[in-house]
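Okay, here's what each chain looks like letter by letter:
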Amino acid sequence: MRRLSKLLCFVAGMLTAGVAHAGQAEQAYKRGDYATAFGLWNLRAKTGDAEAEDNLGTAYAKGHGVTQDYVQAAAWYRRAADQGDAQAEHNLGYVYDRGLGVKQDYAEAAIWYRKAADQGLAVSQTNLGLVYRDGRGVPQDYIQSAAWFRKAAEQGTAVAQYFLGLAYAKGLGVAQDYTEAVAWYRKAAEQGNALGEHDLGLVYAEGLGVTIDYVQAVSWFQKAADQGDAGGEYDLGLSYYKGLGVPLDYAEAVAWLRKSADQGYAKAENSLGVAYLDGHGVKQDTAQALILIRKAADQGDPTAKANLIRLEPPPKKA
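Here is what the cut-offs are and how they apply
Residues numbered from 1 in each chain as written. Predicted model: local features only at pLDDT ≥ 70, side-chain atom pairs only at ≥ 80, totals over all residues. Heavy atoms only, no water. Axes fitted to C-alpha atoms, helices over the stretch in contact; angles between N-to-C directions. Helix = DSSP H or I, 4+ residues; strand = E, 2+ residues; numbered from the N terminus. Parallel < 35°, antiparallel > 145°, perpendicular 65-115°, else oblique. Left-handed = near helix turned anticlockwise from the far one by under 90°. Contact = heavy atoms within 4.5 Å. Nonpolar A, V, L, I, M, F, W, Y, C, P; charged D, E, K, R; others polar. Core = buried A, V, L, I, M, F, W, Y, C linked by side-chain atoms within 4.5 Å. Buried < 20%, exposed > 50% of the residue type's maximum accessible area, 1.4 Å probe, protein only. pLDDT = per-residue confidence, 0-100. Phe/Tyr/Trp six-rings, centres within 6.5 Å; stacked < 30°, edge-to-face > 60°. Salt bridge = Lys/Arg side-chain N within 4 Å of Asp/Glu carboxyl O.

Caption draft 1: Up close: the packing of helix α12 (residues 214-226) against helix α13 (residues 230-242). Running from N to C, α12 and α13 point in directions that differ by 140°, and their axes come no closer than 8 Å. By the angle class used here, α12 and α13 are oblique. Handedness of the crossing formed by α12 with α13: left-handed. For the pair α12 and α13, the contacting residues are V218, F221, Q222, A224 and A225 in the first and G232, E233, D235, L236 and S239 in the second. Looking at the contact of α12 with α13, its residues break down into 5 nonpolar, 3 polar and 2 charged.

Caption draft 2: Representation of the nonpolar core within the structure. Counting 48 residues, the largest nonpolar core has Y185, L200, L236 and L272 as its most contacted members. Here this core takes 8 residues from helix α9 (residues 158-170), the largest share from any one element. Residue contacts for Y185: discarding those within four places in its chain leaves Y162, G165, L166, A169, G196, D199, L200 and V203. In this structure, A37, L40, V95 and V138 belong to the second largest nonpolar core, which totals 33 residues.

Caption draft 3: Molecular detail of the side chain of D97. With respect to the helices and strands, D97 occurs in helix α5 (residues 86-98). Residues within four places of D97 in sequence aside, it is in contact with Q104, Y106, A109, Y113 and R136.

Caption draft 4: Layout of the confidence of the model for the protein chain. Summary statistics for the protein chain give a mean pLDDT of 93 and a share of 92% for residues scoring 70 or more. Within the model, the stretch residues 1-19 combines pLDDT values under 50 with 1 contact to residues more than four positions away or in other chains.

Caption draft 5: Structural detail: the packing of aromatic side chains. For the structure on display, the rule yields 8 aromatic pairs. Ring geometry for Y162 and Y185: centres 5.7 Å apart, planes at 25°, overall stacked. With Y162 in helix α9 and Y185 in helix α10 (residues 178-189), this residue pair connects regions lying 23 residues apart in the sequence. As far as the burial class goes, Y162 and Y185 line up, both buried.

Caption draft 6: Geometry of the pattern of salt bridges. Scanning the model with the defined rule gives 7 salt bridges in all. We note a salt bridge from D33 to R31, for which the minimum N-O separation is 3.8 Å. You can call D33 partly exposed: its relative accessible area is 25%. Exposure remark for R31: the relative accessible area of 57% places this residue in the exposed category.

Caption draft 7: Region of interest: the packing of helix α15 (residues 266-278) against helix α16 (residues 286-298). Following both chains from N to C, one finds α15 and α16 inclined at 160°, their axes separated by 7 Å at the closest point. As far as their axial angle goes, α16 and α15 are roughly antiparallel. The two elements α15 and α16 cross, and the hand of that crossing is left-handed. Where α15 approaches α16, its residues A266, E269, N270, L272, G273, V274, Y276 and L277 are matched on the opposing element by T286, Q288, A289, L292, I293, K295 and A296.

Below you can see the structure in the form of structure tokens.
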């Protein structure tokens with residue numbers, strides 16, 4: 001009995017030490033002392049602690065406390081994932097998805113995302129929704145996609161709320177329903193999700209599921225633009241260019257269109273080109289206009305293509 005008691009005390013001591021190391025490692029990591037955190041996680045990982053193994057994988061992936069090494073990251077994620085750790089399963093799926101430290105394999109990524117998603121991990125549920133939406137590693141299935149977005153959205157995940165709203169707006173995997181779309185966009189936008197803010201602005205601008213309200217539209221475009229969202233910058237610029245929801249102001253319009261165009265947003269490149277063509281908010285410059293409109297056309301923007309044909313008609317046949 002004494003021998004058993006001593007054994008139990010030893011095990012209890014080991015567990016207590018492990019919890020203490022976990023807390024110390026987390027604190028060290030939060031204060032930016034990555035070397036200390038890495039050392040403590042390494043000690044715990046040697047005992048087969050799945051959480052420590054996953055954290056080591058992340059340290060290697062980010063180069064925190066150790067030289068960045070995606071091969072090592074993937075190896076540690078696998079050790080933890082093989083023990084059923086949901087976060088590690090997600091992380092292993094992510095490195096397969098991106099081809100980081102392993103050969104890119106969408107099917108393998110989907111397998112690991114599903115394992116984590118089945119454990120209720122919202123980020124994996126969101127990624128699995130994207131995998132099914134895009135048919136990446138699995139047959140394209142909008143119904144499955146919307147179902148996984150819903151699971152994550154109902155956990156309060158802003159990006160999943162946005163994608164579920166988008167599914168309702170487009171009728172992908174669910175019946176098209178702009179009222180539902182607006183409701184989910186709003187949930188995402190109210191959490192500061194830039195995509196949700198932008199698309200909530202669009203539904204107000206176009207009167208989809210809500211009454212047209214350009215002032216509301218501009219307020220949401222502004223929020224998205226302030227986060228550097230190219231779509232938000234473009235639509236805010238367009239609002240100033242047309243005087244919708246704000247006073248007409250070509251200079252302000254050009255400033256926002258330029259921010260968006262600098263990110264390669266085709267619609268903004270075209271609109272900025274038109275501003276140069278007309279001399280609105282900038283000095284008229286046909287050469288600069290052609291450069292910008294051509295950039296947009298090269299990305300397949302239909303309006304830019306039409307503008308380019310108008311500005312550069314094809315040579316007549318002899």
